[in-house]
Amino acid sequence: MKETPAVEIRDVSFSYNGQPVLQHVNLSLKNGDFTALIGPNGGGKTTLLKLMIGLLKPDSGEVRILGEAPRRVSRRLGYMPQEIGINRNFPISVMDVVLTGRIDPSRRWGGHTREDREAARTVLEKVNMWASRDRRIGRLSGGERQRVFIARAMAAEPDILFLDEPTASVDAFHQGQLFDLLRDLNKRITIIIVNHDLMVISSYVKSVACVNRKLHYHDGGEITEDMIHMYQCPVELVAHGIPHRVLRTHGSKTCGKPSNSSS
Amino acid sequence: MWEALQFEFLRNALMAGLLASIACGVIGTLVVVNRIVFLAGGIAHAAYGGIGLACFLGLPYMFGTFGFALVVAMIMAAMTVRDRHRSDTVIGVLWAVGMALGVVLLDLTPGYNVDLMSYLFGSILTVPATDLWAMAAVVTVVTALVFRFYSAFVAMSYDAEFARLRGVPVGGLYFLLLGMISISVVIVIQVVGLILVIAMLTIPPYIAEKFSDSLWGMMLLSSLISCILTLFGLWISYRWNLTSGATIILVNGAAFFLLILGERLRARHRRMKLACRPNPPLEDDPREAVR
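Each chain carries its own residue numbering, running from 1 in the written order of its sequence. Ligands are numbered from 1 and chains lettered from A, in the order in which they are written. In keeping with the model being predicted, local features are shown solely for residues with a pLDDT of at least 70 and side-chain atom pairs are shown and tallied solely at 80 or more, while totals for entire chains, interfaces and linings include all residues. Excluding hydrogens and water, the side-chain figures rest on all heavy atoms present in the structure.

Asks: I would appreciate a short explanation of the overall build of chain B in the present structure.
Replies: Within chain B, the regular secondary structure consists of 13 helices and zero strands. Walking chain B from its N terminus toward its C terminus, one meets helices and strands in the order α-α-α-α-α-α-α-α-α-α-α-α-α. Categorising residues by exposure relies on relative accessible area from a 1.4 Å probe, with only protein chains included: less than 20% of the type maximum marks a residue as buried, more than 50% marks it as exposed, and the intermediate range marks it as partly exposed. The 291 residues of chain B split such that 51% are buried. Look at the contacts in chain B between residues 6 or more apart in sequence, and 78% of them connect residues 24 or more apart. Put simply, chain B shows about 14,300 Å² of open surface, and 69% of that area lies on carbon and sulfur atoms. A helix here means a DSSP run of H or I that spans at least four residues, while a strand means a run of E at least two residues long, and both kinds are numbered starting from the N terminus. Here a residue-residue contact requires only that any non-hydrogen atoms of the pair lie within 4.5 Å. Accessibility throughout is a Shrake-Rupley quantity obtained with a 1.4 Å probe, and a residue counts as covered only by protein chains that appear here.

Structure below.
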């Protein structure tokens, strides 16, 4: 019997106000995968992630998560958004933020159970934020806040974890700790992560998808010429298969420059 | 001051002020944290259409205005639910159309000479006892609904996308929130008038936000602040014979600017202290020193 893929995207296109963001994207990720979505700014990584979890609807094509429409399985998905648009002055403690990850509409709304609090404690301890549980979220540093958001995503005990730039402002020490944690989680659940820093994640991920309007999925083997072109910058190539290792850096130009000079 | 309480109209005014304060504390908190102040203002002004409608049809003020404000709120909710952050044009249009409708409906009402000012700036001194019961009912309903859906409102207000993913019916809650805003606005219009509603809905929660660590704490605190400011405003207006609604708002405004001034001064004081102390003592927590 063929296993249902964790993520199945068939010929998906999406545009914002007539601007095409993604065109004819196909992608299939199996259960237990640890996939990085990489690509230049504005390439559509976050959009693709939001399409996967059903926060956006594709203009055409189909998204299947665990064999179902994303909205039907949304409670089995964990999501850590980028911090844009979240009200920093909001009067809420770290603990209460994580508890929003435990909300269950089928239950009475009143409050949270002891079990919820235990689960929140476990995830907060995992990201080293338990000591700050009573602090107001807006008083934390950016990196600390991101760790809380990761805890919130994990609090729901999801089958697939979607992380959008989870380490954007996390220091090196916590970054390493975080990826170790993710690797540990990956033994049980599928993880899909948006990250533009390929160097950091290369030794953790199992596959890479390059997103720049189109998508190039890459599961094992070499990164192709095509992919480098798509990424529009000298890519730090990743060798797949186990163990993962970084091959070499192409050139020394920074990311984001026009592609014509990159190869 | 206390001898004033023998007058029934003043006792009613006090009661109306307290009820409006609770409604403002609870709903104003949700308005402020959801950043829909402009929308709340739109509903308040569009409610004027309801006043016109009530007069035109010969209905009691409360019923006509409740109904109309609720309908306007639902239209606004339907038009803004998809794109909450780019809804200002829609709100502006409904704001103006609602008010214009009110004026025209009053024109069409034969022989009815309405005291416009009392609706624009409130008529807390003429609130009848029956309206107090309606106000109490609204406050009870609103508080009960917020209590019932509290954790869902927290999740939605803090991060609507995430809440939606957890299965919270964000769209439904948004309609509910706007509905509650509309009925709260109608009772607050009694106190300070529709032009000044927005101040009462936003100033106490804004002050309370700075001192609260949770949404319910903010609701409680802003209700309390609102009560104190309203009573103080009422007392001043009685003592010096000033328009009560406007006086209440001025007291709110004074509190608002005093708070901002206080914050500025404190920040400056802290900077000065840091500047006078070039080398922080070593035993300080290093993280504190970095800040």
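Asks: Can you walk me through the pattern of salt bridges in this structure?
Replies: Where charged atoms of side chains with opposite charge meet at close range, the side chains can pair. Residues and elements named next belong to chain A. Think of a salt bridge as a Lys or Arg side-chain nitrogen and an Asp or Glu carboxyl oxygen that are within 4 Å of each other. This model, assessed by the stated rule, comprises 13 salt bridges over all chains. The partner of aspartate 159 in a salt bridge is arginine 76, and the shortest N-O contact between them spans 2.7 Å. Residue aspartate 159 is located in the loop between helix H4 (142–155) and strand E6 (160–164), and its partner arginine 76 is located in the loop between strand E4 (60–65) and strand E5 (77–80); the two are separated by 83 residues in the primary sequence. Taking the relative accessible area as the measure of exposure, aspartate 159 reaches 32% and is therefore partly exposed. Among the charged side chains, a salt-bridge network with shared partners connects Arg10, Glu62 and Arg64.

Asks: Any chance you could explain the nonpolar core here in plain terms?
Replies: Membership of the largest hydrophobic core comes to 131 residues, with the highest contact counts inside it found for Leu161 and Leu182 of chain A together with Met135, Leu178, Ile181 and Ile187 of chain B. For this core, the leading source of residues is helix H9 (residues 170–192) of chain B, giving 15 residues. Residues in contact with leucine 178 of chain B, not counting those within four places in the same chain, are Ile36, Leu39, Ile43, Ala73, Met74, Met76 and Ala77 of chain B. The definition of a nonpolar core used throughout is a set of buried Ala, Val, Leu, Ile, Met, Phe, Trp, Tyr and Cys residues joined through side-chain atoms within 4.5 Å.

Asks: Quick question: what am I supposed to make of the layout of surface pockets here?
Replies: A probe as big as a water molecule, rolled over the atoms, marks out the empty space that is left. Of the pockets and cavities examined, the second largest pocket occupies roughly 490 Å³. Cavities and pockets are found on a 1 Å grid laid over the protein atoms alone: a cavity is a set of points where a 1.4 Å probe fits but cannot escape, a pocket is an open set with protein on both sides within 12 Å along at least five of seven lines, and a lining residue has an atom within 4 Å of such a point. If you trace the second largest pocket, you find 14 residues lining it, with Asn89, Arg136 and Arg139 of chain A together with Lys210 and Glu263 of chain B closest to the centre. Sorting the residues of the lining of the second largest pocket by element identifies helix H10 (197–209) and helix H12 (244–276) of chain B as the ones contributing at least two each. In terms of residue count, H12 of chain B provides more of the lining of the second largest pocket than any other element does, five residues in total. For the lining of the second largest pocket, the per-class residue count stands at four nonpolar, two polar and eight charged. Grid points are joined across faces, edges and corners, and a volume is the space filled by probe spheres set on the points. Three classes are used, and their members are as follows: Ala, Val, Leu, Ile, Met, Phe, Trp, Tyr, Cys and Pro are nonpolar, Asp, Glu, Lys and Arg are charged, and the others, Gly among them, are polar.

Asks: Whenever I open this one, the sheet that holds strand E1 (residues 7–16) of chain A confuses me. Can you help?
Replies: Residues and elements named next belong to chain A. Overall, antiparallel pairing links the three strands, which are arranged E2-E1-E4 in an open sheet. Looking at strand neighbours, the two that pair on one side only are strand E2 (19–29) and E4, the edges of this open sheet. Averaged over all pairs of adjacent strands, the angle between strand axes in this sheet comes to 25 degrees, irrespective of strand direction. All axes are obtained by fitting lines to C-alpha atoms, using only the stretch in contact for helices, and the reported angles, taken between N-to-C directions, cover 0 to 180 degrees. Across the sheet, helix H1 (residues 45–53) is in contact with E1, E2 and E4; its angle to E1 comes to roughly 125 degrees. Strands pair, by our definition, only if DSSP identifies at least two bridges between them.

Asks: Looking at this model, I keep getting lost on the confidence of the model for chain B. Mind explaining?
Replies: In regions of low pLDDT, the predicted coordinates are not meant to be interpreted in detail. Residues and elements named next belong to chain B. Across chain B, pLDDT averages 86, with 91% of residues at or above 70. Confidence of the predictor in every single residue is expressed as pLDDT, which spans 0 to 100. Within chain B, helix H13 (residues 286–290) has the poorest average pLDDT of any element, 44, and helix H11 (residues 215–240) the best, 93. Low pLDDT, under 50, characterises residues 282–291; the stretch is placed with three contacts to residues that sit more than four places away or in other chains.

Asks: I tried to follow the pairing of strand E7 (residues 190–194) of chain A on my own but got confused; where do I start?
Replies: Put simply, side chains in a regular strand alternate between the two faces of the sheet. All names here are of chain A. Taking burial as the measure, the five residues of E7 include five buried ones, the bulk of the element. Side chains Thr190, Ile192 and Val194 of E7 all project onto a buried face; the interleaved residues Ile191 and Ile193 project onto the opposite face, where all are buried too. As paired elements, strand E3 (residues 34–38) and E7 share four bridges and run parallel to each other. For alanine 36, the partnering residue across the bridge sits in E7 and is isoleucine 193. Crossover E6 to E7 through helix H5 (residues 172–185) is right-handed. Note on handedness: a crossover is taken as right-handed if, strands pointing away from the viewer, the path from the first strand over the helix to the second is clockwise.

Asks: Is there a simple way to explain the pairing of strand E8 (residues 207–212) of chain A in this structure?
Replies: Residue and element names in this part refer to chain A. In terms of burial, E8 is largely enclosed, as five of its six residues are buried. Of the strand pairs in this sheet, E3 and E8 are connected by four bridges, and their pairing is parallel. The residue of E8 that forms the bridge with threonine 35 is serine 207.

Asks: Looking at this structure, how should I read the interface of chain A and chain B?
Replies: Often, the extent of an interface is quoted as the loss of accessible area on bringing the components together. Residue-level contacts link 35 residues of chain A with 27 residues of chain B. The term buried area means the drop in 1.4 Å probe accessible area that two parts suffer when joined, counted for both and summed. When chain A packs against chain B, the two sides together hide about 3,000 Å² of surface, and 54% of this comes from carbon and sulfur. Taken together, chain A and chain B are joined by two salt bridges. Between lysine 50 of chain A and glutamate 161 of chain B there is a salt bridge, with its nearest N and O atoms 3.2 Å apart. Polar contacts, as counted here, are pairs of nitrogen or oxygen atoms within 3.5 Å of one another; within protein the pair requires one atom able to donate a hydrogen and one able to accept it, and residues that are adjacent in sequence qualify only if both atoms are side-chain atoms. There are 10 residue pairs in polar contact (both at pLDDT 80 or more) connecting chain A and chain B. Broken down by element, the side of chain A that touches chain B gets its largest block of residues, three residues, from H4 of chain A. Of the residues in the side of chain A that touches chain B, the class split is 17 nonpolar, 10 polar and eight charged.

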